[in-house]
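Each chain, letter by letter, is given below.
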Amino acid sequence: MQVSMKSSRIYYGWVVVLIAFVTLLVSAGIRSMPSILMLPFEKEYGWNRGSISAVISTGIFLYGLMGPFSAALLERFGIRRMMVTSLAVLALSLSITPLMSSLWQFEILWGVVSGLATGMMANVLGVTVTNHWFVERKGLVIGLLTASAATGQLLFLPLLAQITVEAGWRTSVYSAVAILVLLIVIVAVWMRNHPYDVGVAPYGTKELVKPDKFKGNLFLTPLLALGSALKNKTFWLLAGTFFFCGFSTNGLIGTHLIPACGDYGIPEVMAAGLLALMGLFDLFGTTLSGWLSDRFDSRWLLFWYYGLRGLSLLFLPYALDSSPMALLMFAVFYGLDWIATVPPTVKLAMKEFGKEKAGMIFGWIVVAHQIGASTAAYGAGLLRELMGNYTFPFIAAGFVCLFAALMAIRISKSSGVIVQPIQQS
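Residues numbered from 1 in each chain as written. Predicted model: local features only at pLDDT ≥ 70, side-chain atom pairs only at ≥ 80, totals over all residues. Heavy atoms only, no water.

Caption draft 1: Region of interest: the overall build of the protein. Regarding its fold elements, the protein presents 17 helices and zero strands. Relative to a compact globule of 425 residues, whose C-alpha radius of gyration would be 22 Å, the protein shows 21 Å and is just as compact. By principal-axis analysis of the C-alpha atoms, the protein measures approximately 60 × 50 × 45 Å. The burial tally for the protein puts 54% of its 425 residues in the buried class. Put simply, of all contacts in the protein between residues at least 6 apart along the chain, 85% involve residues at least 24 apart. Approximately 18400 Å² of the protein is accessible, and the part contributed by carbon and sulfur atoms is 67%. A gap of 12 Å separates the mean positions of the 28 positive and 19 negative side-chain charges of the protein. (Helix = DSSP H or I, 4+ residues; strand = E, 2+ residues; numbered from the N terminus. Rg over C-alpha atoms; globule rule 2.2 N^0.38 Å. Buried < 20%, exposed > 50% of the residue type's maximum accessible area, 1.4 Å probe, protein only. Contact = heavy atoms within 4.5 Å. Areas by Shrake-Rupley, 256 points an atom, 1.4 Å probe, with all protein chains shown as cover. Lys, Arg positive; Asp, Glu negative; His and termini not counted. Charge placed at Lys NZ, Arg CZ, Asp CG, Glu CD.)

Caption draft 2: A look at the nonpolar core. Ranked by internal contacts, the top residues of the largest apolar core, which has 125 residues, are Leu94, Val129 and Ile253. It is helix H16 (residues 355–387) that provides the largest number of residues to this core, a total of eleven residues. In this view, Ile253 contacts Ser248, Leu275, Met278, Leu313, Leu316, Phe330, Tyr334, Trp338 and Phe394; residues no more than four positions away in its chain are not counted. (Core = buried A, V, L, I, M, F, W, Y, C linked by side-chain atoms within 4.5 Å.)

Caption draft 3: Spatial organisation of the packing of helix H4 (residues 79–96) against helix H8 (residues 169–190). Running from amino to carboxyl end, H4 crosses H8 at an angle of 165°, the nearest separation of the two axes being 9 Å. Between H4 and H8, the angle falls in the class roughly antiparallel. Here H4 and H8 pass one another in a crossing that is left-handed. On H8, the residues that touch Arg80, Met83, Val84, Leu87, Ala88, Leu90, Ala91, Leu94 and Ser95 of H4 are Val173, Tyr174, Ala176, Val177, Leu180, Leu183, Ile184, Val187, Ala188 and Val189. When grouped by side-chain class, the residues that make up the contact of H4 with H8 number 17 nonpolar, one polar and one charged. (Axes fitted to C-alpha atoms, helices over the stretch in contact; angles between N-to-C directions. Parallel < 35°, antiparallel > 145°, perpendicular 65-115°, else oblique. Left-handed = near helix turned anticlockwise from the far one by under 90°. Nonpolar A, V, L, I, M, F, W, Y, C, P; charged D, E, K, R; others polar.)

Caption draft 4: Quick peek at unusual backbone geometry. Phi at Arg137 is positive, roughly 60°, even though this residue is not glycine. Counting through the fold element by element, Arg137 comes out in the loop between helix H6 (123–133) and helix H7 (138–167). Arg137 gets classed as partly exposed once you look at its relative accessible area, which sits at 44%.

Caption draft 5: Up close: the side chain of Ser86. Its place among the elements puts Ser86 in helix H4. Not counting residues within four places of it along the chain, the set of residues in contact with Ser86 comprises Ala117, Met120 and Met121.

Caption draft 6: Representation of the packing of aromatic side chains within the structure. If you walk through the whole model with that rule in mind, you get 25 aromatic pairs. Measuring from ring centre to ring centre gives 6.0 Å for Tyr11 and Phe134, while their planes differ by 80°; the resulting arrangement is edge-to-face. Placement of the pair is Tyr11 in the segment before helix H1 (12–31) and Phe134 in the loop between H6 and H7, with a sequence separation of 123 residues. Across this residue pair, the class does not change: Tyr11 and Phe134 are buried. Taken together, the aromatic side chains of Tyr11, Tyr12, Trp14, Trp133, Phe134 and Tyr203 make up a single cluster linked through ring pairs. Its guanidinium or amino end placed over the ring of Tyr63, Arg31 lies 4.0 Å from that ring's centre, counting from NZ or CZ. The ring of Phe77 has Arg76 lying over it, and the distance from NZ or CZ to the ring centre is 4.8 Å. (Phe/Tyr/Trp six-rings, centres within 6.5 Å; stacked < 30°, edge-to-face > 60°. Lys NZ or Arg CZ within 6 Å of the ring centre and 35° of its normal.)

Caption draft 7: Quick look at a nonpolar patch on the surface. There is a patch of nonpolar side chains on the surface, built from Phe284, Leu288, Trp291, Phe296 and Leu336 and spanning about 490 Å² of accessible area. At three residues, the largest contribution of residues to the nonpolar patch is made by helix H12 (residues 268–293). Along the chain, Trp291 falls in helix H12. (Patch = residues over 30% accessible without salt bridge, like charges linked within 9 Å, V, L, I, M, F, W, Y side chains within 5 Å. Salt bridge = Lys/Arg side-chain N within 4 Å of Asp/Glu carboxyl O.)

Caption draft 8: Local environment of the environment of Gly64. With respect to the helices and strands, the residue Gly64 is situated in helix H3 (residues 49–77). Here the alpha-carbon distance between Gly64 and Asn123, two residues 59 residues apart in the chain, equals 9.6 Å. Residues contacting Gly64, with those up to four places away along its chain left out, are Gly363, Val367 and Gln370.

Caption draft 9: Layout of H8. The terminal C-alpha atoms of H8 lie 32 Å apart, and with 22 residues this matches the ideal 32 Å at 1.5 Å per residue to within 8%. All of the buried residues along H8 are Trp169, Ser172, Val173, Ala176, Val177, Leu180, Leu183, Ile184 and Val187. The arc that holds every buried residue of H8, seen down its axis, measures 140°, which confines them to one face. (Expected span 1.5 Å × (residues − 1). Arc of directions from axis to C-beta.)

Caption draft 10: Representation of the state of the cysteines in the model. As enumerated under the stated definition, the model contains zero disulfides in all. Free cysteine Cys261: the closest other cysteine sulfur is in Cys401, separated by 18 Å. Its relative accessible area of 0% is what places Cys261 among the buried residues. Lacking any disulfide linkage, Cys401 is separated from the closest cysteine sulfur, that of Cys245, by 7.9 Å. (Disulfide = S-S within 2.5 Å.)

Caption draft 11: Up close: the confidence of the model for the protein. Per-residue pLDDT for the protein averages 83, and the proportion of residues at 70 or more is 93%. Within the model, pLDDT remains below 50 along residues 1–7, and this stretch shows 15 contacts once partners closer than five positions in the same chain are excluded. (pLDDT = per-residue confidence, 0-100.)

As structure tokens, then:
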């Protein structure tokens, strides 16, 4: 069905962006719930923290691995249908959670089902929406949608923690289900797959273009895209820098800042508040990064982002041992740079691999990000046990970010050779 909305003063693509923004915000918040549920599950079920962490690790990995395949699914079945399906699966998984009684059930519901469902609503969704609806202001849109995912994860932590403490973890889970049901209705009614569906041209053009049909195998095509990208130097540099991005953000700070604060006698609620503050500043910083990536060389933006993040991580051990003001300074400075690396990374991927393959190949770059995050999450915990503090992991992360800054400027300035379309029999 085609709905003409040419007469609307507001370009309908901004409505699509708003719906995607809220969806990514909620999805990221729900993905952060296991860290809030860890202590209640320890008390109620007697599960040890290592077993619960293993479930979280599985979810993180599958969330990243889903990226390249979600790009193919979004192109094949449409953005709206896949969003509704993913939200419904996630809501069903949460609804069953209060009925579970064994660790293997938690592994299936949150490690596998939740990881795959939220993986459909990650950065690749933002890239796909942007590619379909915008020719101009792509960097700004990607910045907004990226910021929503990171900000949602950080902002939801204090809220979910408060609900869990005051009303129990089951109430927290059912509250999330109610939000998901409302979101399913919004997506089903107002989300659209492509500008052609509402009779308008992509933003920045006047030509009404019918979307190309997805060609190829849903599972084989992303693998072939990876095989093609592996021959490209730019892919390795982007994947390498993104590995260090995950290593220094959700893998390290997102996982270990709260316990690190606890080592210095800082209350858990206050530490969660620091993460929420980072989320607020990330919303501004990543959106600004998208705006900047439309105007400046993305390679040098990455150089400054990784370099400044590295300096902030080198400052963190001092801030923890110094004063609340120093820690506040870290939260603001680091928060501005939390995931500002995504818009320029996406822009470079689009330039190098072309609009058609950018979603899938960026999905593989996100896999590298999640591998880095998993490495830091496990490694920092292990080093904390061996050394008694987090000083070495934070300093090491600072230096790898400085190395990532040097990697970024190694990307060729003339990068932009499009990978040949993948041939399939």
